[in-house]
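# Structural characterization, general
Listed here are the chains, written in short residue letters.
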Amino acid sequence: MWRQWIPFWRPGLSPHGGDVDLLFAGLLIASALVLALLFFLLVLFCTRYRAGNRTDRDHRVKKSWHWEVGWTAASSVCFLGLFVWGASVYFQIYRTPADEHDVFVVAKQWMWKTQHPGGQSEIDALHIPVRRPVRLVMASQDVIHSFFIPALRLKHDVVPGRYQDLEIEVDKPGHYHLFCAEYCGTDHSGMIGEIVAMEPADFSNWLTQQAPSSPLASEGGQLFRELGCSGCHGGGGTIRAPPLEGLYGKPVPLSDGTTVIADDKYIRDSILMPRSQVVASYQPLMPSFAGKVSEDQLLRLVIYIKSLAGHPS
Amino acid sequence: MSDKNYLTTDYTLRSWFLTTDHKRIAILYFASLIFFFFIGGAAATAIRIELATPQADLVSSDVYNRLFTMHGIIMVWFFLIPSIPNTLGNFVVPLMIGARDLAFPRLNLMSWYIFMLGGCITLFAILAGGVDTGWTFYTPFSTLYSNSYVIVAAAGVFIAGFSSILTGLNFIVTIHRLRAPGLTWYRLPLFLWSLYATSVILVLATPVLAITLLLMATERFFGVGIFDPRIGGDPLLFQHLFWFYSHPAVYIMILPGMGVINELVSCFSRKEVFGYKFVAWCSVAIAAVGFLVWGHHMFVSGQSLVASLVFSFMSFIVAVPSAIKVFNWTATLHKGSIHFDAPMLYALAFIGLFTIGGLTGLFLACLAFDVHATDTYFVVAHFHYIMVGGMVTAYFGGLHYWWPKITGRLYSEYWARTAAVLIFFGFNLTFFPQFILGAEGMPRRYHVYPPEFQVWNVLSSGGAAILAVAYLMPLFYLGYSAFHGRRAPANPWNAPGLEWQTSSPPPEFNFASQPVVTRAPYQYNEHFQAEPQNA
């Protein structure tokens, strides 16, 4: 709405991009006013009160406290306003993503690997439909990277050892830079990708045209059997393990009395650190798979378990 | 009183390297810091030449990464942090309080040796092949993936930290115990208030850095799983620990600069500092609140949103005392009698550059904008405005101001003013374009970049060329003046501070007789008869 008031403005290309731009404009205007006032006073004082200039210098301000209180209060109020404004937009940017079209992002030295649920994977590129929220589930295989799309005014670090959720949405079709913003070693500056935003119809065409590959969930299922997970979690085993059907998205009671929601992070952590969150009334018997599965394989396992959500247990 | 001063008491090398005279130790620091400044500056120059084109034409990626790491490590730990406290502070603290020396003169000498040991180890790491982690040593890159001399460089920084702590302790005790009779806290020059606040941060924060670097080394050697996520560590823990030191460290760098500006603005407008007590307590407030803002480096790291909220709020709060100082300096000019000697030009440049740096700091404290701007050139521009535009400008201003006291000689006012103006223009041309680059989204630490960013990079590199020349100029005219300059009178600026009440250069034990203080600082004559003699 405000963009119409400033016709020459080039808006950010996401639902929040405009808000961030407005915030930027607000910060710029506030700073420009302060700077203009300060420079005006500096120039004024430096010319009027330069040595040798016969200006009246009597009646100097001796008591300073009401000036001090004045500018302390003025700065504080101004800062508080900017703080509240910035924080409210921040909470919109990083709100919990809607569970729509999931894309999985694995960052590694020095490339972005992205994978759609249907199994289509890309290197240093990500095709998404416009005007639809896309949820990214990001993991790093080695060091800290940072997923940064300047056109969307959006950035999030990808820290090894945990999943990061990020919701992105693009308003306009086009090609946009994807940068790695956290220094990650030799070819950090080469870790540049491209976001390709397409009309939803074009996007579905693109998805189907990609080389046919098996969906991530079925690859995950195969992995689930190969790694021996099905031996305990499959139902027919002799060892009692929690069933995974219908698990995803549900609250899980833990043996320490707390409850967690079974989301991507929980499933990932349970594979890598099975003894940190033991399900109530089960024994902590499962071995850790840390170091035995790669980030790519972990993603497939998580997606497979997620695909079981619809099945009754 | 004999005509011997601290420079002429003895000429042997031994008398310099085993001296316990705070003034000579200040000179030792001064010489070492010039050396480190030009090493760090040479790296910066190479970086700017490389970035003049979008491709990698000058150096390879690995060399580039080692260059910016070396630039950061040298400049932060071996120039910015020690510069004002260890050279200007070391020289003028005892003079300003009317003491014969610092409280622990031998500890002071030891601090210099420790500092040089740390510096030499870091230089060895650089000569042996360099470090490519960035000055922040972020894990797990530094512990698991970097194949450079991480441990050696960290050891150098670790050792230099002890020098910081000892200097801080020395200043705290000196300012508490050795003030001349009548020199109450509210008669203390504001430079000493800011050095006192700085010393408190040095003593409290530096051990955290030491611990962090030790943990990092332990992790790199033994893989114990402090920061390594594969065995239960947390990479964000490193960032919390690192910034718990490194954000207060920013105030270690800028607070002494602010202190110098008080002396300069007051002296060259022949007026007492407006709102003395507010300015004094603002230094303390900045030091205290500065410990509570470290998380604003981690708004996009995945720390909790509530933590980000609190750190953003505290970051806005810490900006208030800084703003108060700027307003007070400006108010000091009101109805003054302003002289535009070289130190004053530096002071005015400082006020402008520091304000721009401070305001853009608010942009980064502002959560939603920080998401876009962090890790881009916007941040690079912001902290260079504070560190280089602020601290280095204040350092040069203070150096020119006390130069006659230190050397007993006057420098060429013409060349000094020319250099001050050139530094101001060169600096703005170098770093202002980087704000635009950052707002457009160019990430920092990029060796090659998309071609659309080239225009602003070329401007920035051009500015860096001017800046490099401007920073070299004082080396020549100050160097010349140290040997051939006109003799300086005891008090060339007609300033009221105690340090100007003794001869230039001061005798070995500073004062012929114990001075007694009877009035508040900055008591300039109401009707300005006492003008600087140097003008």
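Residues numbered from 1 in each chain as written. Chains lettered and ligands numbered in written order. Predicted model: local features only at pLDDT ≥ 70, side-chain atom pairs only at ≥ 80, totals over all residues. Heavy atoms only, no water.

### Structural notes on the overall build of chain A
Along chain A, the regular secondary structure elements total seven helices and 12 strands. Computed over C-alpha atoms, the radius of gyration of chain A comes to 27 Å, more than 25% over the 20 Å expected from 2.2 N^0.38 for 313 residues, which places it beyond the range of a compact globule. Projected onto the principal axes, the alpha-carbon positions of chain A cover approximately 100 × 50 × 40 Å. Here the contacts in chain A between residues at least 6 apart in sequence split such that 62% fall between residues at least 24 apart. (Helix = DSSP H or I, 4+ residues; strand = E, 2+ residues; numbered from the N terminus. Rg over C-alpha atoms; globule rule 2.2 N^0.38 Å. Contact = heavy atoms within 4.5 Å.)

### Re a nonpolar patch on the surface
Taken together, the side chains of Leu80(A), Val84(A), Phe313(B) and Ile317(B) define a hydrophobic patch exposed on the protein surface, amounting to about 310 Å² of accessible area. Elements represented by at least two residues in the nonpolar patch include exactly helix H2 (65–93) of chain A together with helix H10 (305–333) of chain B. (Patch = residues over 30% accessible without salt bridge, like charges linked within 9 Å, V, L, I, M, F, W, Y side chains within 5 Å. Areas by Shrake-Rupley, 256 points an atom, 1.4 Å probe, with all protein chains shown as cover. Salt bridge = Lys/Arg side-chain N within 4 Å of Asp/Glu carboxyl O.)

### Considering the sheet that holds strand S9 (residues 174–180) of chain A
Residue and element names in this part refer to chain A. Taken in spatial order, the five strands of this open sheet run S4-S10-S9-S6-S7, and their pairing is mixed. The outermost strands of the open sheet, each flanked by one partner alone, are strand S4 (125–129) and strand S7 (154–158). Between one strand axis and the next, the sheet turns through 20° on average, direction left out of account. With five bridges joining them, strand S6 (residues 145–149) and S7 adopt antiparallel strand pairing. Note that in S7 the partner of Ile 149 across the bridge is Leu 154. In the packing of helix H3 (residues 200–209) onto the sheet, the strands contacted are S4 and strand S10 (193–198), and the crossing angle to S4 comes to about 130°. (Pairing = 2+ DSSP bridges. Axes fitted to C-alpha atoms, helices over the stretch in contact; angles between N-to-C directions.)

### A closer look at the interface of chain A and chain B
With 75 residues of chain A in contact, the opposing surface of chain B contributes 83 residues. Taking both sides of the interface into account, the surface hidden between chain A and chain B amounts to around 6,700 Å²; carbon and sulfur atoms contribute 71%. Among the residues of chain A in contact with chain B, Arg60(A), Tyr90(A) and Tyr183(A) are the three that bury the most area, contributing 11% of the side total. The tally of links from chain A across to chain B stands at one salt bridge. (Buried area = accessible area lost by both parts, 1.4 Å probe.)

### Observations concerning the nonpolar core
Looking at soluble globular proteins, one finds that nonpolar side chains tend to be buried together. Residues Leu136(A), Phe147(A), Ile168(A), Trp77(B), Phe137(B) and Trp402(B) are the most contacted members of the largest nonpolar core, which totals 237 residues. Sorting elements by how many residues they give to this core places helix H3 (residues 61–97) of chain B first, with 21 residues. Apart from the residues lying within four places of it in its own chain, the contact partners of Phe137(B) are Ile73(B), Trp77(B), Val131(B), Ser142(B), Val150(B), Ala153(B), Ala154(B), Leu213(B), Met216(B) and Phe238(B). Ranked by size, the runner-up nonpolar core spans 32 residues in total, among them Cys229(A), Ile267(A), Val302(A) and Leu308(A). (Core = buried A, V, L, I, M, F, W, Y, C linked by side-chain atoms within 4.5 Å. Buried < 20%, exposed > 50% of the residue type's maximum accessible area, 1.4 Å probe, protein only.)

### Some details on the sheet that holds strand S3 (residues 121–123) of chain A
Residue and element names in this part refer to chain A. The strand order across the open sheet built from five strands is S3-S2-S1-S5-S8, with neighbouring strands paired in mixed fashion. The open sheet is flanked by S3 and strand S8 (164–168), the only strands paired with a single partner. The sheet shows a mean angle of 25° between the axes of neighbouring strands, taken without regard to direction. Where strand S1 (residues 101–108) meets strand S2 (residues 111–115), five bridges bridge the pair, whose relative direction is antiparallel.

### Section: the environment of Ser281(A)
All names here are of chain A. For Ser 281, the position within the fold is in the loop between helix H6 (264–272) and helix H7 (295–307). Taking relative accessible area as the criterion, Ser 281 reaches 57% and is therefore assigned exposed. Along the chain, Ser 281 and Ala 241 lie 40 residues apart, while their C-alpha atoms are 10.0 Å from each other.

### Some points on the packing of aromatic side chains
By convention here, two paired aromatic rings are described through the distance between centres and the angle between planes. Tallying each qualifying case throughout the model produces 75 aromatic pairs over all chains. For the pair Tyr183(A) and Phe68(B), a centre-to-centre distance of 5.2 Å together with 85° between the ring planes defines the contact as edge-to-face. Of the two residues, Tyr183(A) sits in the loop between S9 and S10 while Phe68(B) sits in helix H3, which places them in two different chains. Here Tyr183(A) and Phe68(B) have matching classes, each one buried. (Phe/Tyr/Trp six-rings, centres within 6.5 Å; stacked < 30°, edge-to-face > 60°.)

### Description of the side chain of Ser301(B)
Positionally, Ser301(B) belongs in the loop between helix H9 (276–289) and H10. The exposure class of Ser301(B) is buried, given its relative accessible area of 1%. In terms of polar contacts, Ser301(B) uses its side chain to reach the backbone carbonyl oxygen of Met298(B), at 2.8 Å. The contacts of Ser301(B), once residues within four sequence positions are left out, are His156(A), Asp157(A), Val159(A), Gln164(A), Leu236(B) and Gln239(B). (Polar contact = N/O pair within 3.5 Å; in protein donor to acceptor, adjacent residues only side chain to side chain.)

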